[in-house]
Amino acid sequence: MALRRRDAPVLLLGAALAGAAALLIALTWELTFFQDTWAFLMERQGSSLHDFLAPHNEHLVVFQVALEKLLINTFGMTTAHPELFVMIAMLLANGALLFAYVRRRLGDWSALMMAALLLFLGSAWQVQLWPFEIEFVAPIMTGLGVLLLLEREDRLGDAWACLLIVIGIGFGSLGLSFALAAAADVWVRRRERGLWSRLWIVVVPFVLYGLWYVGWGHEAEHHLTLHNLLRLPPYVLEGVGTALAALSGLLTLNFSGPSDPFWGRPLIIVVVALIAYVKWRRPGFAWTLWPVLVAAFSYWILAGLNYIPGREASSPRYVYASAAFVLMVSAELLRGSRLSRRGILIAGALTAVAVMPNLAQMKEGADWLKEQTVLTRADTGAIEIASRTVEPSFRLTPELAGTPSLVNVDAGDYLSAVEAHGSPAYSPVQLAATREVGRHWADVVLARALPVSLETEFGTYAHAAARSCTAIAPGSAPPAGVELAPGSTKIEVAPGPPVSFSLRRFAVAEFPVKTSGAPGESTSYIGIPHDRASQPWFLHLEAQQPVRVCR
């Protein structure tokens, strides 16, 4: 019976890992490539050093690019499942590593609860559900490994820690924070293990990073300003407060901007008071606190110095790392404390209460990403339908695509990638069956990609109708529209006020393609190139005078 009690936290951790894996797979199964991932797929299709080492924003992302290339070359581009599985594996690894880190400080039950809070942190839904955010998840994974390896206090552990620092930096700038944590470890233990004999642990990663910076990194955009420098203290406090609010389930999400960290401010006061009470009863700090503090505050400081709108400390993509650091720092500050049986029950109940709103937030995030997936697959499907005539430079700008997440996609690079690796887009049949929002924007993209043209001649209305013309009396246009065939269609407008034209193809509930229309007593020609779909276009007319549509 005692053995089972000792094993219970580990068994429950296994259940939490399995539950998190099942949840993440269920929430991400319908998703496809999103936002910055397209920058890798479109702009780094070659195999030159520049493709691997060019900075993304200000980050070195060599391992993320290499991983994306490996997955695409192995599994193709028809599905995003491989990168999703890799991301989920890393998230689970972080939960397990955090458990290992905390259990050495607070015991198994506290470690289980902290790991559960990180595994089900729905407030950080962007990181949990979007594989591109491996740039945050991988450095946390390697960083936890670094801290655990340095605790071995042997040269083998130091060597592996050095390697993990290099890998973490190669996934994103967050890895630099753990390089600084290792430097703090070398410094605080210089009397026990020596300084110069261990300095290589951090010198090697920083030299490699410096070489990259001289070659490629200096070309990256940086946002260091006096304003950002002066705003560092509130930025750091916002990062801590947001993490506390997220971990407690009190963070209010905002899908159009940063989250609201209102509850984080009083929670900082509560946590500081709790830690002060614990330290009053158990004075002193372990040396292992300082590397973690260096890692955490260097992360918030570097993020604050590079702040631009969209990089608020309360943004969902920054919550994950902040929460991980808060948990790690808390474990160090409370080191040696153990929960009583009653404390375990109370803390377990509070953990469950905190996890529930996080699960709801993760579901909301997944629903938002699913809509983005519909738009992505519909818009790229439209490019493929128009592949015979679309200009290679045609780009899916927000006003055309209905989303800003496809700004890195242009027709030339996209069709080249599809030819090499397969298509993630809807087929015409799938496009006709998807949600209306996808069909709407596919029509908008198609009209510009083909492109559909409209030319008007003034004062050319012929009073005698040709045999191929269909006369439409005022107010009698079919609600579903007049079917148009590929090629040129002539629209003859009788004298009177201006007439409006709009088009649809895959859309059903509306005519999303607006045109300039035509004045009274005119003849217009709508040109529709042949493409790869059989669905016809439909023309909607609003006229107060007779109109003839001539095929």
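Up top you'll find the structure we're talking about.
Residues numbered from 1 in each chain as written. Predicted model: local features only at pLDDT ≥ 70, side-chain atom pairs only at ≥ 80, totals over all residues. Heavy atoms only, no water.

Turning our attention to the overall build of the protein chain. Of the regular secondary structure elements, the protein chain holds 22 helices and nine strands. Overall, the protein chain is about 100 × 50 × 50 Å in size when its C-alpha atoms are taken along their principal axes. Within the protein chain, the proportion of its 551 residues that are buried is 54%. The long-range share in the protein chain, meaning contacts at least 24 apart out of those at least 6 apart in sequence, stands at 81%. When the accessible area of the protein chain is evaluated, it comes to approximately 24,100 Å², of which 64% is carbon and sulfur surface. Mean positive and mean negative side-chain charge positions of the protein chain (42 and 43 charges, respectively) differ by 12 Å. (Helix = DSSP H or I, 4+ residues; strand = E, 2+ residues; numbered from the N terminus. Buried < 20%, exposed > 50% of the residue type's maximum accessible area, 1.4 Å probe, protein only. Contact = heavy atoms within 4.5 Å. Areas by Shrake-Rupley, 256 points an atom, 1.4 Å probe, with all protein chains shown as cover. Lys, Arg positive; Asp, Glu negative; His and termini not counted. Charge placed at Lys NZ, Arg CZ, Asp CG, Glu CD.)

Another aspect to go through is the packing of helix α4 (residues 62-75) against helix α5 (residues 81-106). Look at α4 against α5: their axes get within 9 Å of each other, and the N-to-C directions meet at 135°. By the angle class used here, α4 and α5 are oblique. Relative to α5, the crossing made by α4 is right-handed. In this structure, α4 contributes L67, E68, L71 and F75 to the contact, and α5 contributes P82, E83 and V86. Considering only residue class, the contact of α4 with α5 consists of five nonpolar, no polar and two charged. (Axes fitted to C-alpha atoms, helices over the stretch in contact; angles between N-to-C directions. Parallel < 35°, antiparallel > 145°, perpendicular 65-115°, else oblique. Left-handed = near helix turned anticlockwise from the far one by under 90°. Nonpolar A, V, L, I, M, F, W, Y, C, P; charged D, E, K, R; others polar.)

Turning next to the packing of aromatic side chains. Scanning the entire structure with this criterion turns up 19 aromatic pairs. The interplanar angle of 55° and the centroid separation of 6.1 Å between the aromatic rings of W38 and Y414 together place this pair among those described as tilted. Note that W38 is positioned in helix α2 (residues 36-43) and Y414 in helix α20 (residues 411-421), a separation of 376 residues in sequence. Taking the centre distance of 5.5 Å and the plane angle of 80° together, the rings of F262 and W263 count as edge-to-face. The class for F262 is partly exposed, based on a relative accessible area of 48%. Judged by its relative accessible area of 44%, W263 falls in the partly exposed class. (Phe/Tyr/Trp six-rings, centres within 6.5 Å; stacked < 30°, edge-to-face > 60°.)

Enumeration according to the criterion identifies one disulfide in this entry. Here C469 is linked by a disulfide to C550, with a sulfur-sulfur distance of 1.8 Å. Between C469 and C550, the S-S torsion sits near 105°, and that sign places the bridge as right-handed. Of this pair, C469 sits in strand β2 (residues 469-472) while C550 sits in strand β9 (residues 547-550); the two residues are 81 residues apart in sequence, bridging distant segments of the chain. (Disulfide = S-S within 2.5 Å.)

Of note, P486 is situated in the loop between β3 (482-484) and β4 (487-493). Accessibility expressed as a relative area gives 47% for P486, which makes it partly exposed. Dropping the residues within four chain positions of it, P486 is found in contact with I528, P529 and H530.

On to helix α12 (residues 200-215). The end-to-end C-alpha distance of α12 is 22 Å, a good match for the 22 Å that 16 residues give at a rise of 1.5 Å each. Three or more residues of α12 are buried, namely I201, V202, P205, Y209 and W212. Each buried residue of α12 sits inside an arc of 95° when the element is viewed along its axis, so together they form one side. Seen from the open side of α12, the exposed residues pointing more than 90 degrees away from its buried face are L211 and V214. (Expected span 1.5 Å × (residues − 1). Arc of directions from axis to C-beta.)

Right, let's get into the environment of P498. Assignment of secondary structure puts P498 in the loop between β4 and β5 (500-504). The class of P498 is exposed, set by a relative accessible area of 66%. When the C-alpha atoms of P498 and E521 are compared, they prove to be 8.9 Å apart, with 23 residues separating the residues in sequence. Ignoring sequence-local partners within four residues, the contact set of P498 consists of A518, P519 and G520.

Here we come to the pairing of strand β7 (residues 522-528). In terms of burial, β7 is largely enclosed, as six of its seven residues are buried. When strand β1 (residues 453-458) meets β7, the two strands line up antiparallel, connected through six bridges. Residue pairing across strands places S453 opposite G527, the latter belonging to β7. Of the strand pairs in this sheet, β4 and β7 are connected by seven bridges, and their pairing is antiparallel. Its bridge partner being in β7, G487 is matched across the sheet by I528. (Pairing = 2+ DSSP bridges.)

Read from one edge to the other, the open sheet built from four strands follows the order β3-β8-β5-β6, with strand pairing classed as antiparallel. Edge positions in the sheet fall to β3 and β6 (513-514), since each has one partner strand and no second. Bridge count for β5 against strand β8 (residues 537-542) is five bridges, and the pairing is antiparallel. Paired with S500 across the strands is E542, a residue of β8.

In terms of nonpolar packing, the biggest core is built from 89 residues, with I140, Y320, F325 and M328 touching the most fellow members. The residues contacting I140, other than those within four sequence positions of it, are N94, L174, F178, Y320, A321, A324 and F325. Core analysis: the second largest hydrophobic core is formed by 55 residues, W38, A442, V445 and F501 among them. (Core = buried A, V, L, I, M, F, W, Y, C linked by side-chain atoms within 4.5 Å.)

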